[in-house]
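Tertiary structure, described
One-letter residues, chain by chain:
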Amino acid sequence: IELSKNPDITMATFGDMVRVPGTYSSLEKERAFGASIEICYSPHEALALALKNPSRDIVFLGVGFETTTPAIALTIAAATSQNLQNFSVFSVHKTIPPAMHALLNDQDLHIDGFILPGHVCTVTGRRIFDFISSEYHVPAVIAGFESIDIIQAIYLLLKQISSGNSRTEI
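The notes below deal with the structure included here. (Residues numbered from 1 in each chain as written. Predicted model: local features only at pLDDT ≥ 70, side-chain atom pairs only at ≥ 80, totals over all residues. Heavy atoms only, no water.)

**Considering the side chain of T168**
- With respect to the element layout, T168 can be found in strand 7 (residues 168-169).
- You can call T168 buried: its relative accessible area is 10%.
- Looking at T168, its side chain comes within polar contact range of the main-chain oxygen of F129, at 3.3 Å.
- Within the structure, the side chain of T168 is placed 3.1 Å from the side chain of S133, a separation counted as a polar contact.
- Among all residues touching T168, those that are not within four sequence positions of it are L116, R126, F129, D130, S133, A140 and I142. (Helix = DSSP H or I, 4+ residues; strand = E, 2+ residues; numbered from the N terminus. Buried < 20%, exposed > 50% of the residue type's maximum accessible area, 1.4 Å probe, protein only. Polar contact = N/O pair within 3.5 Å; in protein donor to acceptor, adjacent residues only side chain to side chain. Contact = heavy atoms within 4.5 Å.)

Listed below in structure tokens is the structure:
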């Protein structure tokens, strides 16, 4: 939000980030006050914006988890190979395993199992989630987003819970 207040910078970001509230404002509010904020559907669009506007600094707000990081890294590599001086990324990426550890270590939570994100495992592989069942003995099933995928994941979780056999499965 603070960067968006600089008149020499155009912030580029995914559309869902515009309405995320900060402590005192949001990108949406700053845009209403005149900040230069562009919504991009991909980091490559932000790179194209920098190419079209060589006199403006374009700062792409790099947010997301393991799934958005590769595309943003490729965009940074493309900007570097083109020696583009007016494009940068403000990275606020997160990874899912630390959040899972925090949930599992919270004594007030009683988690019976996890449905894990299949799209993340497509990027990282399954093994980054093996600690859930091996260290915490909590069942975990990796699934997609379709209704049938969720139902199958619930079924597999219930099988693990009823058998007392915790593992991470797809």
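**A word on the nonpolar core**
- With 23 residues, the main nonpolar core has A12, F60 and F87 as its most contacted residues.
- Mapped by element, the contributors of at least two residues to this core are strand 1 (9-13), helix 2 (43-52), strand 3 (57-62) and helix 3 (69-81).
- Membership of the second largest hydrophobic core comes to 13 residues, among which are I96, M100, C121 and V138. (Core = buried A, V, L, I, M, F, W, Y, C linked by side-chain atoms within 4.5 Å.)

**Observations concerning the sheet that holds strand 6 (residues 140-143)**
- Reading across the sheet, the three strands line up as 5-6-7 and stay open at both edges, with parallel pairing between neighbours. Two strands close off the open sheet at either side, each with one partner strand: strand 5 (114-117) and strand 7.
- As paired strands, strand 5 and strand 6 are joined by four bridges and run parallel to one another. Of the residues in strand 6, the one forming a bridge with I115 is V141.
- Against the sheet, helix 7 (residues 147-163) makes contact with strand 5, strand 6 and strand 7, and its axis sits at roughly 165 degrees relative to strand 6, the strand it touches most. (Pairing = 2+ DSSP bridges. Axes fitted to C-alpha atoms, helices over the stretch in contact; angles between N-to-C directions.)

**Notes on helix 7**
- Here helix 7 is 17 residues long and its end C-alpha atoms lie 24 Å apart, about the 24 Å a rise of 1.5 Å per residue gives.
- Taken together, the buried positions of helix 7 are A153, L156, L157 and Q160. The buried residues of helix 7 occupy an angular sector of 100 degrees when projected down its axis, which confines them to one face. Facing away from the buried surface of helix 7 by more than 90 degrees, the exposed residues are S147, I148, I151, L158 and S162.
- In the segment just after helix 7, G164 is the residue with positive phi, at about 70 degrees. (Expected span 1.5 Å × (residues − 1). Arc of directions from axis to C-beta.)

**Overview of the sheet that holds strand 1**
- One open sheet accounts for four strands, arranged 2-1-3-4; its pairing is parallel. Two strands in the sheet have a free side with no partner beyond their single neighbour: strand 2 (36-39) and strand 4 (87-91). Taken over all neighbouring pairs, the strand axes of this sheet differ in orientation by 25 degrees on average, direction set aside.
- Sheet topology places strand 1 next to strand 3; four bridges connect them, and they run parallel. Counted as the bridge partner of A12 is F60 from strand 3.
- Sitting on the sheet, helix 2 is in contact with strand 1, strand 2, strand 3 and strand 4, with an inclination near 170 degrees to strand 3.

Geometric values such as these leave the question of function open.
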